[in-house]
Amino acid sequence: MATSSLPPLPNSHTEPDGSAVVRVLSYNIRSMRDDTDALARVIRACAPDLVLLQEAPRLFRWRKKITRLAAACDLVLLSGGGTAAGPALLCSLRATVERTEDALLPLIPGQHRRGLATAVVRIGGTRLGVLSTHLSLRADERHEQAGLLLDHLAALGVTHAVAGGDLNERPGGRTFRRLGDGLRDCWTAAPWGGEYTFPAGAPDRRIDAVFVTEGVEVLGCGVPSGLPGVAEDDLRAATDHLPVLTALRVPAART
């Protein structure tokens, strides 16, 4: 992981025409089984408007655990957790929630249950669809889930959307390509910070990603190692994945 300071990533703000710069963080938090104080410090230092979590707590008192993490980061729980089999969404008070929906994906016997946490929010004059997911370890199931992800994203009925998560696959894989056919990979569009996301202690692959629909401008995307306030020790202690931070410029909604 790089230790030098990163070039500035645009801060969240709303333009006079209603368009908005939005910070989105995607993060696999391994059920908060590691150093939750370090986890909160990393999230807070990234100053996100939206957080797409994977492996959020989903069993005993899961909602209380996620809500406590959100509060420690000056955020609120938007959707997901146990009701989405792990994916969850957090948001800042900058977001006005229009609706949320959690969906469980088809279960193959013997495999982990997978799901989607989705929402539609308004930030400034924008209207943005949001989706978090954690795809299967099995290639065939993962590819099928990618198609369902695209279907659910389209069903949100919004012009602009962001989707992210733990894909369990590197760029160039069949599932990664399927998502890239319908969406734009933010790292490819505007690389910033680090590329590799796993394992946190010695990252050597990119299996976590953020995608956007056409019309959303990517201002920067990558692992925020070297971002002021993000300590290397915290990144290693928080969980076994590194987060992906993205800055987007979302056009104002027409209605």
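Residues numbered from 1 in each chain as written. Predicted model: local features only at pLDDT ≥ 70, side-chain atom pairs only at ≥ 80, totals over all residues. Heavy atoms only, no water.

A few words now on the overall build of the protein chain. Regarding its fold elements, the protein chain presents six helices and 13 strands. Relative to the compact-globule value of 18 Å for 255 residues, the protein chain shows a C-alpha radius of gyration of 16 Å, a close match. Across its three principal directions, the C-alpha atoms of the protein chain cover 50 × 40 × 40 Å. Classification of the 255 residues of the protein chain by burial places 55% in the buried group. Taking the intrachain contacts of the protein chain between residues at least 6 apart in sequence as the baseline, contacts between residues at least 24 apart amount to 73%. (Helix = DSSP H or I, 4+ residues; strand = E, 2+ residues; numbered from the N terminus. Rg over C-alpha atoms; globule rule 2.2 N^0.38 Å. Buried < 20%, exposed > 50% of the residue type's maximum accessible area, 1.4 Å probe, protein only. Contact = heavy atoms within 4.5 Å.)

On to the pairing of strand S13 (residues 244-250), then. S13 sits mainly inside the fold: six of its seven residues count as buried. Summarising the sheet, strand S2 (residues 20-28) and S13 pair through seven bridges and their orientation is antiparallel. Bridge assignment links Val 24 to a residue of S13, and that residue is Thr 246. In this structure, strand S12 (residues 217-222) lies alongside S13, joined through five bridges in antiparallel fashion. Residue Val 218 lies in a different strand from S13, and its bridge partner there is Leu 248. (Pairing = 2+ DSSP bridges.)

Time to look at the sheet that holds strand S11 (residues 208-212). Spatially, the six strands line up as an open sheet ordered S6-S7-S8-S9-S11-S10, and their pairing is mixed. Looking along the sheet, the strands with just one partner apiece sit at the ends: strand S6 (96-104) and strand S10 (184-185). The sheet contact formed by S6 and strand S7 (residues 115-123) spans eight bridges and is antiparallel. Bridging across to S7, Asp 102 finds its partner in Ala 117.

Let us now look at the pairing of strand S8 (residues 126-134). Of all nine residues that make up S8, nine are buried, and the element is covered over most of its length. On S8, burial covers both faces: Thr 126, Leu 128, Val 130, Ser 132 and His 134 on one face and Arg 127, Gly 129, Leu 131 and Thr 133 on the other are all buried. Strand direction decides the pairing type here: S7 and S8, joined by eight bridges, are antiparallel. By the bridge assignment for S8, Val 120 is matched with Gly 129.

The linkage connecting Phe 198 with the following residue, Pro 199, adopts the cis geometry, with an omega of -10 degrees. Assignment of secondary structure puts Pro 199 in the loop between helix H5 (186-189) and S11. The phi angle at Arg 30 is positive, at roughly 45 degrees, despite the residue not being glycine. Its location among the elements puts Arg 30 in the loop between S2 and helix H1 (36-46). Of the residues examined, Arg 30 reaches a relative accessible area of 25% and is grouped as partly exposed. Although it is not a glycine, Met 32 adopts a positive phi angle of roughly 55 degrees. Note on placement: Met 32 falls in the loop between S2 and H1. A relative accessible area of 18% means that Met 32 is categorised as buried.

Residue position: Pro 7 is located in the segment before strand S1 (13-14). Owing to a relative accessible area of 49%, Pro 7 belongs among the partly exposed residues under this scheme. Here the alpha-carbon distance between Pro 7 and Gly 220, two residues 213 residues apart in the chain, equals 9.9 Å.

Before going further, it helps to examine helix H3 (residues 139-155). For H3, built from 17 residues, the straight-helix expectation of 24 Å at 1.5 Å per residue is met to within 8% by its first-to-last C-alpha distance of 25 Å. Looking only at H3, the buried set comprises Glu 141, Arg 142, His 143, Gln 145, Ala 146, Gly 147, Leu 149 and Leu 153. Where H3 is buried, its residues touch S7, S8, strand S9 (160-166) and helix H4 (174-182). Looking one or two residues past H3, Gly 157 carries a phi angle of roughly 70 degrees, positive in sign. (Expected span 1.5 Å × (residues − 1).)

The description of two helices packed together rests on the angle between their axes and the distance between the axes. Put simply, H3 and H4 touch, their axes get as near as 9 Å, and they point 10 degrees apart. Between H3 and H4, the angle is such that the two are roughly parallel. Considering the relative orientation of H3 and H4, their crossing is right-handed. The segment H3 lies against H4, with Ala 139, Asp 140, Arg 142, His 143, Glu 144, Ala 146, Gly 147, Leu 149 and Leu 150 engaging Arg 174, Thr 175, Arg 178 and Leu 179. Tallied by class, residues from the contact of H3 with H4 come to five nonpolar, three polar and five charged. (Axes fitted to C-alpha atoms, helices over the stretch in contact; angles between N-to-C directions. Parallel < 35°, antiparallel > 145°, perpendicular 65-115°, else oblique. Left-handed = near helix turned anticlockwise from the far one by under 90°. Nonpolar A, V, L, I, M, F, W, Y, C, P; charged D, E, K, R; others polar.)

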